[in-house]
Amino acid sequence: MKSEHTSVVIGIDIGGTEIKGGVVSSEGLLLIERRVRTPIEEGEIGMIQALHRLISELSVQTNCPILGIGIGSAGRIDSKLGKVINATNLPLTGTMLADEVTELLSLPVYVDNDVNVAALGEAWVGAAQNNDSFAFVALGTGVGGALFSDGHILQGVSGGAGEFGHLILKPGGLACNCGQHGCLEQYVSGSALQRMARKIDPNYDGHMLLKLAGQGDLQANKAVDHFVIDLAYGIVTIHNVFDPGMIVVGGGVITSSEVWWSKLLETLNDISPKSITLKPALLGNRAGILGAAKLVYDRINI
Ligand SMILES: [Zn+2]
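Residues numbered from 1 in each chain as written. Predicted model: local features only at pLDDT ≥ 70, side-chain atom pairs only at ≥ 80, totals over all residues. Heavy atoms only, no water.

A. Structural view of the overall build of the protein. Counting secondary structure elements, the protein contains 9 helices and 12 strands. Taken over the C-alpha trace, the protein has a radius of gyration of 19 Å; the compact-globule value for 302 residues is 19 Å, and the two agree within 12%. Taken along its principal axes, the extent of the C-alpha atoms in the protein is 55 × 40 × 40 Å. Evaluated residue by residue, the protein yields a buried proportion of 51% over its 302 residues. A separation threshold of at least 6 residues defines the contact pool for the protein, and within that pool the share at least 24 residues apart is 62%. With the model as given, the accessible surface of the protein reaches about 13700 Å², and the carbon-plus-sulfur share is 50%. Averaging the coordinates of the 21 positive side-chain charges in the protein and doing the same for the 30 negative ones gives two points 4 Å apart. (Helix = DSSP H or I, 4+ residues; strand = E, 2+ residues; numbered from the N terminus. Rg over C-alpha atoms; globule rule 2.2 N^0.38 Å. Buried < 20%, exposed > 50% of the residue type's maximum accessible area, 1.4 Å probe, protein only. Contact = heavy atoms within 4.5 Å. Areas by Shrake-Rupley, 256 points an atom, 1.4 Å probe, with all protein chains shown as cover. Lys, Arg positive; Asp, Glu negative; His and termini not counted. Charge placed at Lys NZ, Arg CZ, Asp CG, Glu CD.)

As structure tokens, then:
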């Protein structure tokens, strides 16, 4: 625990299954951490109440003065207004999240998209530490992305910059819920691995597929090879568009990277003569809490 005189920030990461919260020091240390189930079925009011409870508990547990609250949320976010523009998996579409939370403790509240915030965490104390320019690709249920340039997350005109999951990889390919066909997300996400697993055996899931591939199963390895090739093409495209100092790959699928990481590096080497620096994310599912806290530290300039 840090000194009682050190000011701290509360970081919150709102996901589809859990809301994670933490008290974070100015050096990026996670001093206290709490998690609660995301009460999706209770609608917007239940979500705000759960957030208020979590923040209240964290504020009671720390003895240090709290400078502000940072929130990363799934969905498209207007970070200037602190508003959720659209969240397909959460009952928060249209919610003025910053205003709802500011009411609680009368502290400054900053909100951004969960993947942007995870990238900020990796930039602060993770894989991209001391890198002013990098791209972050999050392989979760879907595929998210963020662009970090000159020390800042690029937002784009409507908060949609870095949506790498919807790069079209295979024209006319699988339908995507964004309305396009053949998006990268349909081939390299956790859901894509799940689909490939069920083709082998209806009882398999993505974890099983990767486990079998790690054990040398031929069919599973063939599926993982497809995943790796498609991911490599996506990474080369991201590199060509943005020319980042490095590309960090995170999200839940990275936890199985020992099965496919070296194949990915080999494939990149085969398909592009460019030198692409690729790193796995380091902060796991704490990247969101840490990055959300960094949103506050970046704005208050202590
Ligand atoms: Zn799409």
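B. A look at the coordination of the zinc ion. The protein atoms that coordinate the zinc ion are His-166 (ND1), Cys-176 (SG), Cys-178 (SG) and Cys-183 (SG), at distances of 2.0 to 2.3 Å. Metal-centred angles of 105 to 120° between the 4 donor atoms at the zinc ion mark the site as tetrahedral. Sequence spacing of the donor residues for the zinc ion, all on one chain, is H-x9-C-x1-C-x4-C. In this pair, His-166 sits in the loop between β10 (152–153) and α4 (185–188) while Cys-176 sits in the loop between β10 and α4, placing the two residues 10 residues apart along the sequence. For Cys-176, a relative accessible area of 8% gives the class buried. (Donors = N, O, S within 2.8 Å, 3.2 Å for Na, K, Ca; no water. Tetrahedral: all angles 85-135°; square planar, octahedral: opposite > 155°, others 65-115°.)

C. Layout of the sheet that holds strand β12 (residues 278–280). Reading across from one edge, β10-β9-β8-β11-β12 is the order of the 5 strands in this open sheet, with mixed pairing throughout. With one partner strand each, in any of the chains shown, β10 and β12 form the two edges of the open sheet. In the sheet, strand β8 (residues 134–139) pairs with strand β11 (residues 246–250) via 5 bridges, with the strands oriented parallel. Across the sheet, Val-137 pairs through a bridge with Val-249, a residue of β11. Helix α7 (residues 218–242) rests against β8, β9 (143–149), β11 and β12 of the sheet, and its axis sits at about 155° to β8. The strands touched by helix α8 (residues 257–271) within the sheet are β8, β11 and β12, with β12 carrying the most contacts at an inclination of about 170°. (Pairing = 2+ DSSP bridges. Axes fitted to C-alpha atoms, helices over the stretch in contact; angles between N-to-C directions.)

D. Layout of the domain arrangement of the protein. By the assigned domains, the protein splits into domain 1 (8–119 + 285–300) and domain 2 (130–281). On a C-alpha basis, the centroid separation for the pair domain 1 and domain 2 is 26 Å. Joining domain 1 to domain 2, the criterion identifies 0 salt bridges. Our enumeration of links across domain 1 and domain 2 arrives at 1 residue pair in polar contact (both at pLDDT 80 or more). When residues in the side of domain 1 that touches domain 2 are grouped by element, the largest group, 4 residues, is from helix α3 (residues 114–125). A breakdown of the residues in the side of domain 1 that touches domain 2 according to their chemical character gives 5 nonpolar, 2 polar and 2 charged. (Domains from an automatic or database assignment. Salt bridge = Lys/Arg side-chain N within 4 Å of Asp/Glu carboxyl O. Polar contact = N/O pair within 3.5 Å; in protein donor to acceptor, adjacent residues only side chain to side chain. Nonpolar A, V, L, I, M, F, W, Y, C, P; charged D, E, K, R; others polar.)

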